[in-house]
Each structure stands twice: as C-alpha cells, then as structure tokens.
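Analysis of the macromolecular model
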Amino acid sequence: MGLENVTFQALDSAQFALAKSAVPELVLVNPPRRGIGKALCDYLNTMAPDTIIYSSCNAQSLAQDLAHLTQYQPQRVQLFDMFPHTAHYEVLVLLTRK
C-alpha cells in the first residue's frame, strides 16, 4: 500500500491513555458495548489526533461518546448488518477534528 511509519497496537484504553507517546494521526476504537466513556473521550479531545474511527455495536453508548467527543465531527457513518436475522449490528463512524 505504500504506507510508511505505520504502527499498530492493540491496547487497553487505559494503557493507551497512559503511554505518553507522540500523538497519532489516526486512532481506531472498537470498545465493548459500554463504549469508551467520558474520561477517554476527554483524553482524545485533549490528545487531538486528526482522525478517529469509531466502531460500535451499541448505538446508545456510541451516541453518548459522540456527545463527549466535542472536538470532533462525524464525516461518515455506515451501518453493518453482520448478523442477519438478529438485533445485532455494527456502526462505523469516521470522525475528524473540528
């Protein structure tokens, strides 16, 4: 793909927040049903990556987290029905810094 200086890390959100590393251009979050919570939203607002991709299986916790991500605005939202004939779904949101 021609990408340079790309690293991937699978971390617990608390480990990520405490890592004290350089600010990434992109943060991808895929939290459990409870969402990422106000504390991590506040941290992301302060850390200020250019882009956040938020993958969620719970629209209610997603909406709560989006309300706390005050420095970001949704650019695109996509619903995925990955589990047909059930009530389960995934929502992917592309957020960019205001």
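Throughout, a residue's number is its position along its own chain's written sequence, starting from 1. Given that the model is predicted, a residue must reach a pLDDT of at least 70 before its local features are reported, and side-chain atom pairs must reach 80 or more before they are shown or counted; all residues, however, enter totals for whole chains, interfaces and linings. Excluding hydrogens and water, the side-chain figures rest on all heavy atoms present in the structure.

**Remarks on the nonpolar core**
Cut-off, in case you're wondering: Here, the term nonpolar core denotes a set of buried Ala, Val, Leu, Ile, Met, Phe, Trp, Tyr and Cys residues that are joined through side-chain atoms within 4.5 Å. Only protein chains enter the accessibility calculation, which uses a 1.4 Å probe. A residue is then buried if its area is under 20% of the maximum for its type, exposed if over 50%, and partly exposed in between. In this description a helix means any DSSP run of H or I spanning at least four residues, a strand means any run of E spanning at least two, and both kinds are numbered starting from the N terminus. The contact criterion used is simple: two residues touch if any of their non-hydrogen atoms lie within 4.5 Å.
One finds Ile-36, Leu-44, Ile-52, Tyr-54, Leu-69 and Leu-95 to be the most contacted residues of the largest nonpolar core, which totals 15 residues. Of all the secondary-structure elements, those providing two or more residues to this core are strand 1 (26-29), helix 2 (37-47), strand 2 (51-56) and strand 4 (90-97). No other element matches helix 2, which puts four residues into this core. Aside from chain neighbours lying at most four places away, what touches Ile-36 is Val-29, Pro-31, Cys-41, Leu-44, Tyr-54 and Asp-65.

**Notes on a nonpolar patch on the surface**
Worth spelling out the cut-off: Residues enter patches when their relative accessible area tops 30% and they take part in no salt bridge; the joining distance is 9 Å for like charges and 5 Å for the nonpolar side chains Val, Leu, Ile, Met, Phe, Trp and Tyr. Note that accessible areas follow from Shrake-Rupley with a 1.4 Å probe, and for residues the cover is restricted to the protein chains shown. When a carboxyl oxygen of Asp or Glu lies within 4 Å of a side-chain nitrogen of Lys or Arg, that pair is called a salt bridge.
Together, Met-1, Leu-3, Val-6 and Phe-8 line one region of the surface with nonpolar side chains, adding up to about 590 Å² of accessible area. Looking at the element boundaries, Leu-3 is found in the segment before helix 1 (13-18). Leu-3 sits in the exposed class, given a relative accessible area of 58%.

**A word on the pattern of salt bridges**
If you walk through the whole model with that rule in mind, you get one salt bridge. One salt bridge in this structure joins Lys-38 and Asp-42, with 2.7 Å as the shortest N-O distance. With Lys-38 and Asp-42 both in helix 2, this residue pair falls four residues apart, about one helical turn. Taking relative accessible area as the criterion, Lys-38 reaches 47% and is therefore assigned partly exposed. Relative accessible area serves as the criterion here: at 31%, Asp-42 is assigned to the partly exposed category.

**Considering the sheet that holds strand 4**
As a reminder of what qualifies: Two strands qualify as a pair provided that DSSP identifies no fewer than 2 bridges between them. Working convention: axes come from line fits to C-alpha atoms, limited for helices to the stretch in contact. Angles between N-to-C directions cover 0 to 180 degrees.
Spatially, 1-2-4-3 is the arrangement adopted by the four strands of the open sheet, whose pairing is mixed. Of all the strands in the sheet, just strand 1 and strand 3 (72-80) have a single pairing partner and so form its edges. On average, each strand axis in the sheet is tilted by 15° relative to the strand beside it, whichever way the strands run. As paired strands, strand 1 and strand 2 are joined by four bridges and run parallel to one another. For Val-27, the partnering residue across the bridge sits in strand 2 and is Ile-52. In this fold helix 3 (residues 59-68) packs onto strand 2 and strand 4, with an angle of close to 155° to the strand it touches most, strand 2.

**Some details on the state of the cysteines**
Test applied: Sulfur atoms of two cysteines make up a disulfide when they are within 2.5 Å.
The full count for this structure, using the stated rule, is zero disulfides. Among the cysteines around Cys-41, which has no disulfide bond, Cys-57 carries the closest sulfur, lying 15 Å off.

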